[in-house]
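Tertiary structure, described
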Amino acid sequence: MTPPLIFRALLGLLMTVAVPASLAAFVLAGMKLRNEGGVNYQASGGFLKWLFWGALLLTLPGVSTWLVQESVPGAGQLALGGPSTPYTNGLNHVVNDFVDDVLVSHIVPVLAAALVFKALLDLSQGVNPLASIVTAMFLLGIQGIYKVATGSWLTSGAYSTTDFLMGAFNYVAGTISPMVGGLAISAGILAFVQHKQWKVFVASGIGFLSVSGLWALVKSWTGVTLT
């Protein structure tokens, strides 16, 4: 049976805007990160939720391939990028141009600049400016995150979304955490020289340097075999 036109139109719209919408979701994740503190996120907050939606939208082709293998009706058209309808023809170009040329290239730098200015205002009032600085760095790194994500985090199949998120965690644990750990230990040494509290910085640095080992230890305790 031929699917109704409204179904094919919505399907085409979804596949058309999936990749640009994932970039927009990452931008919204950055803004939520600032609301949640900037240097720490809430376990059930908007930051992780928007990261999940970005990952899901970006991995729709992989999910659709699995749906085709499971013989789900209409999944074949989804895997091919969605059907062409008069309501979605030409929309791909418009959406891509808006996300690439307007959102990522113009709006995001303005937001990052505003956050840097906010960091200076926070500092002048004696408030920790790291929240705004970290968020500004995250927003400016959206394109880099997207390139890494589409280069090494994407897989095809039923678990493409979770594989994407696990790839992101492994990247953070293996690349970002050692740098943060080094900075934390450096801050501890500086605090020690200045006769200030230094143990928290050193303990945090050791923890960040050991994220991969801690994750392997937790998995061994629970018997989980995730990679």
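Positions within a chain are numbered from 1, following the residues in the order the chain's sequence is written. Since the coordinates come from a predicted model, pLDDT governs what is reported: local features require at least 70, and pairs of side-chain atoms require 80 or more to be given and counted, while whole-chain, interface and lining totals use all residues. Side-chain measures here rest on the full set of heavy atoms in the structure, leaving out hydrogens and waters.

This part takes up the overall build of the protein. Strands are runs of DSSP state E lasting at least two residues, helices are runs of H or I lasting at least four, and both sets are numbered from the N terminus onward. Across its full length, the protein holds 10 helices and 0 strands. Seen in sequence order, the protein has helices and strands lined up from the N terminus as α-α-α-α-α-α-α-α-α-α. Using a 1.4 Å probe on the protein chains alone, a residue whose accessible area is under 20% of its type maximum counts as buried, one over 50% counts as exposed, and one in between counts as partly exposed. For the protein, with 227 residues in total, the buried portion stands at 30%. Pairs at least 24 apart in sequence give 66% of the contacts found in the protein among residues at least 6 apart. Here, Shrake-Rupley sampling with a 1.4 Å probe gives the accessible areas, and only protein chains in the shown set may cover a residue. Summing over all exposed atoms, the protein offers an accessible surface of approximately 13700 Å²; the carbon and sulfur share of this is 70%. Residue contacts follow a heavy-atom distance rule, with two residues in contact if any of their heavy atoms lie within 4.5 Å.

As for its placement among the helices and strands, Ser152 is situated in helix H7 (residues 142-153). Owing to a relative accessible area of 55%, Ser152 belongs among the exposed residues under this scheme. Each C-alpha atom of the pair Ser152 and Tyr171 lies 9.9 Å from the other, and the pair is 19 residues apart in sequence.

Attention shifts here to the packing of H7 against helix H8 (residues 160-193). Angles shown run from 0 to 180 degrees and are taken between the N-to-C directions of axes, each axis being a line fitted to C-alpha atoms and, for helices, limited to the stretch in contact. As a packed pair, H7 and H8 sit with axes 10 Å apart at the nearest point and diverge in direction by 115°. With respect to each other, H7 and H8 are oriented roughly perpendicular. Here the hand of the crossing between H7 and H8 comes out right-handed. Note on element contacts: H8 touches H7 through Asp163, Phe164, Gly167, Ala168 and Tyr171, opposite Val148, Ala149 and Trp153. Any angle that falls under 35 degrees is termed roughly parallel, while one over 145 is termed roughly antiparallel, one within 65 to 115 roughly perpendicular, and all others oblique. Crossing handedness: left-handed means the near helix sits turned counterclockwise from the far one by under a right angle, and right-handed means the same turn made clockwise.

Quick look at the packing of H8 against helix H10 (residues 211-222) now. One can describe the packing of H8 onto H10 by two numbers: an axis separation of 9 Å at closest approach and a directional angle of 135°. Relative to H10, the element H8 is oriented oblique. From H8, Met166, Phe169, Ala173, Gly174 and Ser177 reach across to H10, where they touch Val211, Ser212 and Trp215. Think of it as three bins: nonpolar holds Ala, Val, Leu, Ile, Met, Phe, Trp, Tyr, Cys and Pro, charged holds Asp, Glu, Lys and Arg, and polar takes everything else, Gly as well. Within the contact of H8 with H10, the residues separate by chemical class into 5 nonpolar, 3 polar and no charged.

On to the UniProt feature "transmembrane region" (unreviewed entry) in the protein, then. Per the UniProt entry, the sites bearing "transmembrane region" (unreviewed entry) are residues 6-29, 50-68, 102-121, 130-149, 169-193 and 200-218 in this numbering. Strand forms 0% of residues 169-193 and helix 100%; the C-alpha atoms that close the span are 34 Å apart. UniProt positions are given in the numbering used here, feature names are shortened, and annotations may be inferred rather than shown by experiment.

The next thing to look at is the confidence of the model for the protein. Per-residue pLDDT for the protein has a mean of 80; in total, 82% of the residues score no lower than 70. By definition, pLDDT measures how confident the predictor is in each residue, and it falls between 0 and 100. The secondary-structure element of the protein with the lowest mean pLDDT is helix H4 (residues 75-79), recorded at 55, while helix H9 (residues 199-209) shows the highest, at 90.

Moving on: the side chain of Glu36. Mapped onto the elements, Glu36 comes out in the loop between helix H1 (5-35) and helix H2 (46-58). Working convention for charge: Lys and Arg count positive, Asp and Glu count negative, and His plus the chain ends are omitted. Criterion for a salt bridge: a side-chain nitrogen of Lys or Arg within 4 Å of a carboxyl oxygen of Asp or Glu. Buried within the structure, Glu36 lacks any salt-bridge partner; its nearest side chain of opposite charge belongs to Lys32, at an N-O separation of 6.7 Å. Within the structure, the side chain of Glu36 is placed 2.6 Å from the backbone nitrogen of Gly46, a separation counted as a polar contact. Of the polar contacts made by the side chain of Glu36, one reaches the backbone nitrogen of Phe47; its length is 3.1 Å. Whenever a nitrogen or oxygen atom comes within 3.5 Å of another N or O atom, the pair is scored as a polar contact, on the condition that within protein one atom can donate a hydrogen and the other can accept it, and that pairs from neighbouring residues in sequence are kept only if both atoms are in side chains.

A cluster of nonpolar side chains, Tyr171, Val172, Ile176, Met179, Val180 and Phe208, forms an exposed patch at the surface whose accessible area comes to about 470 Å². When residues of the nonpolar patch are assigned to their parent elements, the largest contribution, 5 residues, is made by H8. Counting through the fold element by element, Met179 comes out in helix H8. Here a patch means residues that are over 30% exposed by relative accessible area and free of salt bridges, tied together within 9 Å if like-charged and within 5 Å if nonpolar (Val, Leu, Ile, Met, Phe, Trp, Tyr).

The phi dihedral of His195 falls on the positive side, at around 60°, and the residue is not glycine. Along the chain, His195 falls in the loop between H8 and H9.

Here the focus is the nonpolar core. In this description, a nonpolar core means a group of buried Ala, Val, Leu, Ile, Met, Phe, Trp, Tyr and Cys residues linked to one another through side-chain atoms lying within 4.5 Å. The biggest cluster of nonpolar side chains holds 23 residues, and the ones touching the most others in it are Val27, Val99, Ile142 and Phe164. Counting only elements with at least two residues in this core, the list comes to H1, H2, helix H5 (91-124), helix H6 (130-140), H7 and H8. The leading source of residues in this core is H5, at 7 residues. The start and end points of each domain follow an automatic or database-based domain assignment. Residues from two domains meet in this core; each of domain 1 (1-103) and domain 2 (108-226) gives at least three.

With that settled, consider the pattern of salt bridges. Counted according to the given criterion, the structure contains 2 salt bridges. Asp122 is paired through a salt bridge with Lys118; the nearest N and O atoms lie 2.7 Å apart. Of the two residues, Asp122 and Lys118 are both situated in helix H5; the distance of 4 residues between them amounts to about one turn of the helix. Among the residues examined, Lys118 registers a relative accessible area of 33% and is labelled partly exposed. Residues joined in a network through salt bridges with shared partners are Arg34, Lys118 and Asp122.

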